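# Understanding the architecture of this molecule
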Amino acid sequence: MTKKKLQAIACWLAVMIVGFVLINALVYVGVIDAFIENMLVTIGINIILATGLNLIIGFSGQFSLGHAGFMAVGAYATGIILQAMPTTVGFFVSIVVGIAIAIVVAIIIGIPTLRLSGDYLAIATMGAAEIIRVVINNMKVTNGAAGLFNIPQFATWPVVYIFVCLTTAVIVNFAHSRAGRAIQAIRDDEIAAEAVGINPTKWKLAAFVLGASTAAVAGSLHASYIQTIAPTDFGIMNSIAMLIIVVLGGVGSMTGTFFAAVVLGVLDTVLQSFGTLRMVIYAVALIVIMVFKPTGLLGRYEFSFARVLDRFRKKKEDAA
Amino acid sequence: MHTVLQQVINGLSLGSIYALLALGYTMVYGIIKLINFAHGDIYMLGAFWGYYVINTYHVDFIVALLSAMIVTALAGMIIEYLAYRPLRNSPRITALITAIGVSYFLENGMSYLFGANTRNFPQVVKQHNFTALGISISNIQVLILVTALILMILLQLIIQKTKMGTAMRAVAVDQEAAALVGINPDHVISFTFGLGSALAGAAGVLIGLYYNSIDPLMGMTPGIKAFVAAVVGGIGSVPGAAVGGFLIGLLETGVQAIGLSAYKDAAVYVVLILILIVLPAGLLGKNVKEKV
């Protein structure tokens with residue numbers, strides 16, 4: 001590992017710690033009340049979901065519309081396990097179990113459907129997520145359409161914050177690793193990638209499974225924070241809400257995903273006071289942004305400390 | 001045997017609604033490769049227009065149907081002009097998100113203006129049942145089937161026999177080449193939206209008559225089901241959409257009839273995934289070979 005890389009990692013760590021301390025201080029002072037805290041946690045969960053989806057859509061080029069299904073898997077794993085084992089250990093066990101089930105489900109769904117491409121894949125994954133939802137809706141252990149309630153709250157904002165940092169680090173590192181370059185090569189030209197020895201099915205499935213497992217984590221956090229879950233929380237419209245964050249931020253830009261999740265979260269909170277007009281304004285804002293900025297708010301731009309440090313160093317050298 | 005035939009009749013009635021909607025999806029997809037998520041909401045607009053003219057002007061069924069088709073055709077063309085035309089050369093996923101935005105706008109705009117509650121659709125056609133050989137079929141079911149079939153035949157004639165229809169097929173194959181031979185793609189795309197939306201509007205009035213109730217969110221689920229029908233039939237293929245619509249309608253009523261109504265949506269998606277895996281281009285779709 002080079003010195004440059006270490007410096008960039010140190011910068012990111014510093015940002016994470018400063019963010020944590022800052023939010024903590026604001027909560028302590030009372031600037032962040034329960035209402036804003038709720039907004040922050042929702043933004044955090046949306047970031048986990050959307051970065052995973054961006055890995056699938058933006059980096060591996062697989063148009064998946066079934067993210068809410070994997071979120072449901074994680075949420076129900078946590079809901080059910082926490083009822084039997086309402087401890088912190090139980091919470092973390094439930095996250096792991098949620099991830100494990102999501103991986104198995106993602107492999108079962110992925111192997112046949114990832115052969116499809118484009119809109120066909122989107123509609124097949126959407127169908128798969130709906131099947132998950134209908135099955136949950138009809139199972140005894142999930143309490144059917146009524147859903148689960150009084151789930152103990154272990155996912156407080158610091159837990160969500162730490163998970164946002166963790167999942168983002170995993171996904172961004174995956175996207176910039178050898179594996180990430182492989183999936184980007186497949187996205188750009190599957191036949192060419194195959195010709196240089198990349199196994200498309202294997203890598204597409206890897207990205208899909210990783211995205212699905214982070215969605216399960218987000219589902220677990222959602223279940224334990226909101227404390228009630230029902231099958232209707234994980235419908236097509238929820239998958240679409242995640243897709244909106246990804247496209248609005250810029251497909252293939254993780255920085256954009258963060259930005260869009262924050263913008264939409266704040267917009268949602270600000271518009272609360274408008275009542276029924278809220279969704280109308282939201283819809284108009286969405287259409288206007290898409291018409292005037294078709295590549296999303298940040299396009300393909302990616303913020304990188306390594307680059308900032310490079311520029312900084314160059315300036316220093318120029319001066320010297 | 002009787003119950004089977006009875007379910008087939010029920011399935012065909014529901015299926016013809018899906019087929020009318022699926023035709024709009026498939027035509028728009030065939031021509032600009034856009035999943036028009038707002039299509040289900042155009043169907044809702046049609047139903048609300050029918051409700052409005054029948055209650056306010058006490059018109060009969062035919063006038064309500066035709067006026068709803070005209071209004072929804074205009075709505076579809078306006079939406080295309082304002083929301084989709086500026087995105088003609090953008091990434092397709094952007095146009096998709098815009099379509100979702102339009103869908104949210106129509107659903108919530110209607111809820112805001114007219115309230116989110118469910119209304120009873122005025123019964124302009126008095127329902128009475130014909131019974132023959134133990135099978136009962138209502139005059140409304142007959143009306144839905146006949147109207148849907150007439151509209152589908154008309155559509156087929158427009159696409160195959162008229163100049164505009166030829167232009168539509170040309171633009172669907174190659175937009176640039178069509179422009180070279182003097183076709184204005186913008187006009188053709190606008191016409192396609194109008195045609196598809198008119199069919200959705202007609203489906204809206206028919207479903208109002210069939211189910212008696214309408215609300216601003218009524219387009220969501222049938223919209224997605226109809227899109228599934230279009231994909232099953234082979235998206236881009238007009239006869240495929242009709243076949244897919246009837247198939248999904250029959251499947252849904254069939255699953256319901258054997259007592260698994262809780263799983264009827266899941267059954268639709270299982271069939272969708274199976275068909276896509278076996279026939280990736282749908283039942284009647286064209287299989288395009290990938291070239292290096």
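Here the structure is a predicted model, which means the values were calculated and not measured.

Calculation criteria
- Residues numbered from 1 in each chain as written.
- Chains lettered and ligands numbered in written order.
- Predicted model: local features only at pLDDT ≥ 70, side-chain atom pairs only at ≥ 80, totals over all residues.
- Helix = DSSP H or I, 4+ residues; strand = E, 2+ residues; numbered from the N terminus.
- Rg over C-alpha atoms; globule rule 2.2 N^0.38 Å.
- Buried ≥ 20, exposed ≤ 12 C-beta atoms within 10 Å, placed from the backbone.
- Contact = placed C-beta atoms within 7 Å.
- Arc of directions from axis to C-beta.
- Pairing = 2+ DSSP bridges.
- UniProt positions renumbered as here; feature names shortened; annotations may be inferred.
- Nonpolar A, V, L, I, M, F, W, Y, C, P; charged D, E, K, R; others polar.
- Axes fitted to C-alpha atoms, helices over the stretch in contact; angles between N-to-C directions.
- Parallel < 35°, antiparallel > 145°, perpendicular 65-115°, else oblique.
- Left-handed = near helix turned anticlockwise from the far one by under 90°.
- pLDDT = per-residue confidence, 0-100.

## Looking at the overall build of chain A
On a plain count of helices and strands, chain A comes out with 13 helices and 0 strands. Counted from the first residue to the last, chain A has its helices and strands arranged as α-α-α-α-α-α-α-α-α-α-α-α-α. Relative to its length of 320 residues, chain A is compact, with a C-alpha radius of gyration of 20 Å against a globular reference of 20 Å. Principal axes of the C-alpha set define a box for chain A whose edges measure 70 × 55 × 45 Å. Classification of the 320 residues of chain A by burial places 46% in the buried group. Put simply, 80% of the contacts in chain A that link residues at least 6 apart link residues at least 24 apart.

## Examining the overall build of chain B
Assigned secondary structure in chain B consists of 11 helices and 4 strands. For 292 residues, the compact-globule estimate of 2.2 N^0.38 gives 19 Å, and chain B sits close to it at 19 Å. A principal-axis box enclosing the C-alpha atoms of chain B has dimensions of 60 × 45 × 35 Å. If you take every contact in chain B between residues at least 6 apart in sequence, the share linking residues at least 24 apart comes to 77%.

## Things to note about helix H6 (residues 163-173) of chain B
Residues and elements named next belong to chain B. Among all positions in H6, only Ala 167, Met 168, Val 171 and Ala 172 are buried. Projected onto a plane normal to the axis of H6, the buried residues spread over an arc of 135° and lie on a single side. Across from the buried face of H6, at angles greater than 90 degrees, the exposed residues are Lys 163 and Val 173. The inward-facing, buried residues of H6 contact helix H1 (2-32), helix H5 (139-161), helix H7 (175-180) and helix H8 (185-211).

## Quick notes on the pairing of strand S2 (residues 129-132) of chain B
Residues and elements named next belong to chain B. Relative to strand S3 (residues 135-138), S2 runs antiparallel, the two being bridged by 4 bridges. Residue pairing in the sheet places Ala 132 in a bridge with Ile 135 of S3. The antiparallel pairing of S2 with S3 creates a hairpin that spans 2 residues between the two strands, and Leu 133 there sits at a positive phi of about 55°.

## What to know about the UniProt feature "transmembrane region" (unreviewed entry) in chain A
Residues annotated in UniProt with the feature "transmembrane region" (unreviewed entry) correspond here to residues 12-32, 38-57, 64-85, 91-111, 156-175, 240-267 and 279-299 of chain A. When the span residues 279-299 of chain A is considered, its composition is 67% helix and 0% strand, and the gap between its end C-alpha atoms is 25 Å.

## Brief notes about the interface of chain A and chain B
Taken together, the contact between chain A and chain B spans 34 residues of the former and 34 residues of the latter. Counting only elements with at least two residues in the side of chain A that touches chain B, the list comes to helix H4 (88-113), helix H5 (118-137), helix H10 (236-249) and helix H12 (277-292) of chain A. Examining the composition of the side of chain A that touches chain B, we find that 11 residues originate from one element, H5 of chain A, more than from any other. The class makeup of the residues in the side of chain A that touches chain B is 26 nonpolar, 6 polar and 2 charged.

## Description of the environment of Gly 144 of chain A
All names here are of chain A. Mapped onto the elements, Gly 144 comes out in the loop between H5 and helix H6 (157-175). Judged by local crowding, Gly 144 falls into the partly exposed class, with 14 C-beta atoms found within 10 Å. Residues Gly 144 and Val 134, spaced 10 residues apart in sequence, show a C-alpha to C-alpha distance of 9.2 Å. Apart from the residues within four sequence positions on either side, Gly 144 is in contact with Asn 137 and Asn 138.

## Focus: the UniProt feature "transmembrane region" (unreviewed entry) in chain B
All names here are of chain B. UniProt annotation of "transmembrane region" (unreviewed entry) refers to residues 12-31, 61-83, 95-115, 136-159, 188-211, 223-251 and 266-285 when read in the numbering used here. Across residues 95-115 one finds 95% helix and 0% strand; the C-alpha atoms that close the span lie 29 Å apart. With 88% helix and 12% strand, the stretch residues 136-159 has end C-alpha atoms that lie 35 Å from each other.

## Focus on the packing of H12 of chain A against helix H4 (residues 92-114) of chain B
The contact between H12 of chain A and H4 of chain B brings their axes to 8 Å, and the two run at 155°. Looking at the two axes, H12 of chain A sits roughly antiparallel to H4 of chain B. Handedness of the H12 of chain A/H4 of chain B crossing: left-handed. Counting all contacts with H12 of chain A, which are made through Leu 277, Met 279, Val 280, Tyr 282, Ala 283, Val 284, Leu 286, Ile 287, Met 290 and Val 291 of chain A, the residues of H4 of chain B involved are Thr 94, Ile 97, Thr 98, Gly 101, Val 102, Tyr 104, Phe 105, Asn 108, Gly 109 and Tyr 112 of chain B. Its residues assigned to classes, the contact of H12 of chain A with H4 of chain B shows 15 nonpolar, 5 polar and no charged.

## A look at the confidence of the model for chain B
Put simply, chain B has an average pLDDT of 88, and 98% of its residues get 70 or more. Both scores are available for the predicted complex, with the pTM at 0.88 and the ipTM at 0.84.

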